[in-house]
Structures are given as C-alpha cells and as structure tokens.
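# Structural overview
The chain contents come next:
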Amino acid sequence: MIDHERIRQRVGRALGRRSALGAACVLACVAALALPVSGGAASAAAIHAGRSGTTYTQTSVIPIPTPSGSPLFADIEFGDQRTGRVYLSDLANSSLDIIDGRSLKLVAQVPGFNGGPAGVVADDNGQIWAGDGSGAVKVVSATAPYRIIDSIPVGAPTADEIGYDPVDQIIAVTSPDATSASGAATPWVTLIDARPDAAGTHRVLGHVVIPGAGADSIEQPQWDPSTRSFVESIRATNDLPSGAVARIDPVHVRLQALFPIDETCHPGGLAVGQRGQLLLGCNDGAPVLIDSATGRVLANYSGHDAGGADEVWYNTADGRFYAAEAGAAGPPPLPQLYPPTVMVIDGRSDRFLSDIPLGDSALGFHQVTAIGDPARVFVPESDGLHVFTDAEEH
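So, here's what we can say about the structure. (Residues numbered from 1 in each chain as written. Predicted model: local features only at pLDDT ≥ 70, side-chain atom pairs only at ≥ 80, totals over all residues. Heavy atoms only, no water.)

### As for the overall build of the chain
Each helix and strand in the chain was counted, giving 3 helices and 28 strands. Counting the 394 residues in the chain, one finds 58% classified as buried. Long-range contacts, defined here as pairs at least 24 residues apart, represent 52% of the contacts in the chain between residues at least 6 apart. When the accessible area of the chain is evaluated, it comes to approximately 14300 Å², of which 55% is carbon and sulfur surface. (Helix = DSSP H or I, 4+ residues; strand = E, 2+ residues; numbered from the N terminus. Buried < 20%, exposed > 50% of the residue type's maximum accessible area, 1.4 Å probe, protein only. Contact = heavy atoms within 4.5 Å. Areas by Shrake-Rupley, 256 points an atom, 1.4 Å probe, with all protein chains shown as cover.)

Right, here's the structure in full:
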C-alpha cells in the first residue's frame, strides 16, 4: 500500500523546503539574506568583486512523461561523469529516470518505488542506489535491462539521501525518521558494503546515530577524499541550532566529528570540492563554504539575490559548484523571497561566477546536477528536464 503521507512530505520538499522549520524561518531567512554575516564576511567581500560575467543559456528541454500530463517533480538528481548519464528521482512517476546526458534523451524509467525514490547515486560497480519510503534502499542495474536487483532494509521507515565512498566501496544512506525503541527521534546513517555477494545481495555494516539531531534533521552525505570520510549536513541539533556538518568514518562505522556552522544556515545539500572545501546549501540564506578538516567558514555568498538552496553539486569536469537556489523561505504559502536560480561558484578560486535565471515553471525546484566541460547543467522543472550550457570556453 502506498504511504501517501510520505509522498506528501516529499512533494512538500519538492515545492521548496521541508516544513519542519515552519513559519519561523521566514524571519530568519529575511535576516540572513538582508544583513552581512560574520564568520566569512571578509572572504565574501572578495568573492562579490570577482564576478566574471560567465553566462549559461538554455539549449534544450528533455520531456519526462507524467501521469495525465501532471507537473514533473523530483527529489534529487545525480550526474555520472564517467558514463554521461543523469539519474533523476522522479516522484511524479515513482520511478528512477535514466537520461543520456550527451544525446539528451530519456533512456528508461525504472518503477518499483513506494513513497520514493529519494536520494540517488551511481557507484563504479554498475549499480545505481536510490532511497525509498519502503524502509529500504534499492539497487538498480546501470545497464539494460534496467531493473531493481536488490533492496536493503535500513531499520527505519525511510531511506533518504545517499553518498558513495569509492575507495572503500561503501554506501551511506540517511534515515531522518529513524527512532529508538522508546520512540525517540534518533536519525542515523546506514553504511552498506557496495560489493554484492555471490547471491547479489549487499551487507549492512552498521548505523551511525547523529547525537542531538531531531526528526527530519539530517540531509545530504558525500564522500570527502581529503579526510577519507563521509561528510553529512545536519539542519540542526539540540546544541547547534544553526546546523552542523558531521564527519563519519565508514570503515570503523563511527562518528569522528561534529562541526558547528557559524552562520545562519540550516544546511540541506552538500558538495565536496577538490581542495577540501564543502559548499553547503542553506535553508536560511545563501550558500556557505567551509573547510572539511576543521569546519571553519571560508566564505558565504550572500548579496546575489538568491537563497534557500537545497541540492548543491560539484562538477569535477569544470571545477565549479552549482547550487539550486529556490529563493523561498519554505513550501507554500511561505513567501518567495527571490526568483529561483542556479548559483555558479568557481571551485578553484571560490569566487562567485554567475546566477542562471530560471523561468516560472521552476517555482518549487530544488535540485541540480552538471557534467562535462563546458558544462551541461540539468534542472528539473514542472515541464521537463531543462538543460543549460556554459556559453564560454574556459
């Protein structure tokens, strides 16, 4: 039986932000976007002056069929540099959509999800991992015939966002709705061996609980090669109301560190650059850049008429970060503070480059991915998957 409440929650997320922060984030978001912020103010001033005039143009819209022509909405997308494929967690169809990022064609829609899919990632073992509301993460074959080949329970109602450690071949899956035996909220990260056994099944290595994190407060995990750990964005904990980044040892299945964010943020998305820097997509305010080893704020990107990011992406091919700036303080009826845009940041110099403006059909969007150099940037909007291309060689 389909869990309509979980689908409603995911739809609410696709319409802007999760409702957990409630109307209070309106004031916080206005304050964060209107005032200078302390921790990275000096760095941010230099970044504001570094605008290069880089432009992106929309070159295509990839049609994604939906039931009765209803609007497309999704949770997360993932761009695979090796294969040129783009994977979309398509909530409108309850399917994992596979798109050829070079020919710009929809290749397949893999069904079999219940209240999902949620987060998605491709490993280097020919597998695609997608979270689901069925209490399990599902594994899809990355070659035809595309189908679900395994389903691994995570011990909680939902398998949400996902990261992959290619060195140790370990998958990290968040469960923001995990609870203890007494019913108390204990969000955790499940670590899974990405290598299947002879029967094609995958082994759970253990769980890492995020101390002090409340329900629905843990978000995007990513692999950080500079510290050989997973880094995980935390919207808030009991002691860290502005949010935190957790560092998790995947081999020993333990929490290594919990870094507070010294900005008004409440992070959702997280992307790892090539110099040990992490870009956080902040629910309240513009993105924040921190050092993955120390948690020190390196820069913030306020002052560009953008805020309310969820998914952020680092494109290893062009060395740029892309942040899905929904421009909203929360799901409707909370206000739209800024037009939706994709913020582009140079991951080599940490300088702001440009905003990619989106149209009216993007209201409620919150995901982005990019592949190639010059980049192709993929943005799901209500009428399909929009493709933007870097108009400049660099």
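### With respect to the pattern of salt bridges
Side-chain pairs of opposite charge can arise whenever the charged atoms involved come near each other. In this structure the tally under the stated criterion is 9 salt bridges. Taking the shortest distance from any N to any O, the salt bridge between Asp350 and Arg275 comes out at 2.6 Å. Residue Asp350 is located in the loop between β24 (341-346) and β25 (352-357), and its partner Arg275 is located in the loop between β18 (267-272) and β19 (277-282); the two are separated by 75 residues in the primary sequence. The class of Asp350 is buried, set by a relative accessible area of 12%. What you see here is one network of salt bridges that share partners, running through Asp193, Arg195 and Arg203. (Salt bridge = Lys/Arg side-chain N within 4 Å of Asp/Glu carboxyl O.)

### Observations concerning the pairing of strand β17 (residues 254-260)
Look at any regular strand and the pattern is simple: side chains alternate between the two faces of the sheet. Inspection of the sheet shows strand β16 (residues 244-249) paired to β17 by 6 bridges, in the antiparallel sense. Bridge assignment links Val245 to a residue of β17, and that residue is Phe259. Hairpin connection of β16 to β17: 4 residues between the antiparallel strands, including Val253 at a positive phi of 50°. (Pairing = 2+ DSSP bridges.)

### Quick look at the nonpolar core
Formed by 47 residues in total, the largest nonpolar core has its most connected members in Tyr87, Trp129, Val137, Ile171, Tyr322 and Val377. Counting residues in each nonpolar core, the second largest holds 15 residues, with Val189, Val208, Ala246 and Ile248 among its members. (Core = buried A, V, L, I, M, F, W, Y, C linked by side-chain atoms within 4.5 Å.)

### So, the sheet that holds strand β23 (residues 320-325)
With respect to topology, 4 strands assemble into an open sheet ordered β22-β23-β24-β25, the strand pairing being antiparallel. Single-partner strands in this sheet number two, and they are β22 (309-315) and β25. The average undirected angle you get between the axes of adjacent strands in this sheet is 20°. Here β23 runs beside β24; their pairing, made up of 6 bridges, is antiparallel. Residue Glu325 lies in a different strand from β24, and its bridge partner there is Thr341. (Axes fitted to C-alpha atoms, helices over the stretch in contact; angles between N-to-C directions.)

### Concerning the packing of aromatic side chains
Counted according to the given criterion, the structure contains 4 aromatic pairs. For the pair Phe78 and Trp313, a centre-to-centre distance of 5.3 Å together with 85° between the ring planes defines the contact as edge-to-face. Separated by 235 residues along the polypeptide, Phe78 in strand β2 (residues 74-80) and Trp313 in strand β22 bring together distant segments of the chain. In this pair, the class of Phe78 matches that of Trp313, namely buried. Measuring from centroid to centroid gives 4.8 Å for Tyr314 and Phe321, while their planes differ by 55°, and the two rings are tilted. The pair Tyr314 / Phe321 is uniform in exposure class, with both members buried. Across from the ring centre of Phe113, 5.6 Å away, lies the NZ or CZ of Lys138, which sits over that ring. (Phe/Tyr/Trp six-rings, centres within 6.5 Å; stacked < 30°, edge-to-face > 60°. Lys NZ or Arg CZ within 6 Å of the ring centre and 35° of its normal.)

### Examining the sheet that holds strand β11 (residues 170-175)
Strand-to-strand pairing in sheets goes through backbone hydrogen bonds, with the strands running parallel or antiparallel. Strands sit in the order β10-β11-β12-β13 across an open sheet of 4 strands; the sheet is antiparallel. Bordering the open sheet on either side are β10 (162-165) and β13 (204-209), each of which pairs with just one other strand. Strand-to-strand, the axes of this sheet are offset by a mean angle of 20°, without reference to chain direction. Bridge count for β10 against β11 is 4 bridges, and the pairing is antiparallel.

### Let's talk about the state of the cysteines
As enumerated under the stated definition, the model contains 1 disulfide in all. Across a sulfur-sulfur distance of 2.1 Å, Cys265 and Cys282 are joined as a disulfide pair. Taking the torsion about the S-S bond as the criterion, the Cys265 to Cys282 disulfide, at about -85°, is left-handed. Remark: Cys282 occurs in strand β19 and Cys265 occurs in the loop between β17 and β18; sequence separation between them is 17 residues. Owing to a relative accessible area of 0%, Cys265 belongs among the buried residues under this scheme. Residue Cys282 is classed as buried on the basis of its relative accessible area, which comes to 0%. (Disulfide = S-S within 2.5 Å.)

### Things to note about unusual backbone geometry
Of note, the bond from Gly116 into Pro117 is cis; its omega dihedral lies within 30 degrees of zero at 5°. Residue placement: Pro117 occurs in the loop between β5 (105-110) and β6 (120-122). The phi torsion at Ser68 lies on the positive side, around 55°, for a residue other than glycine. Of note, Ser68 is situated in the loop between β1 (56-62) and β2. On the accessibility criterion, Ser68 (84% relative accessible area) is exposed. Of note, the phi angle at Asp305 is positive, near 55°, even though the residue is not glycine. Given a relative accessible area of 52%, Asp305 falls into the exposed group.

### Quick notes on the side chain of Lys138
By the element assignment, Lys138 lies in strand β8 (residues 136-141). Here Lys138 falls in the buried class, since its relative accessible area comes to 10%. Of note is the side chain of Lys138, whose polar atom sits 2.6 Å from the backbone oxygen of Gly112. Leaving out residues up to four positions away in the same chain, Lys138 has contacts with Gly112, Phe113, Ile128, Trp129, Ala130, Asp132, Ile148, Asp150 and Ser151. (Polar contact = N/O pair within 3.5 Å; in protein donor to acceptor, adjacent residues only side chain to side chain.)

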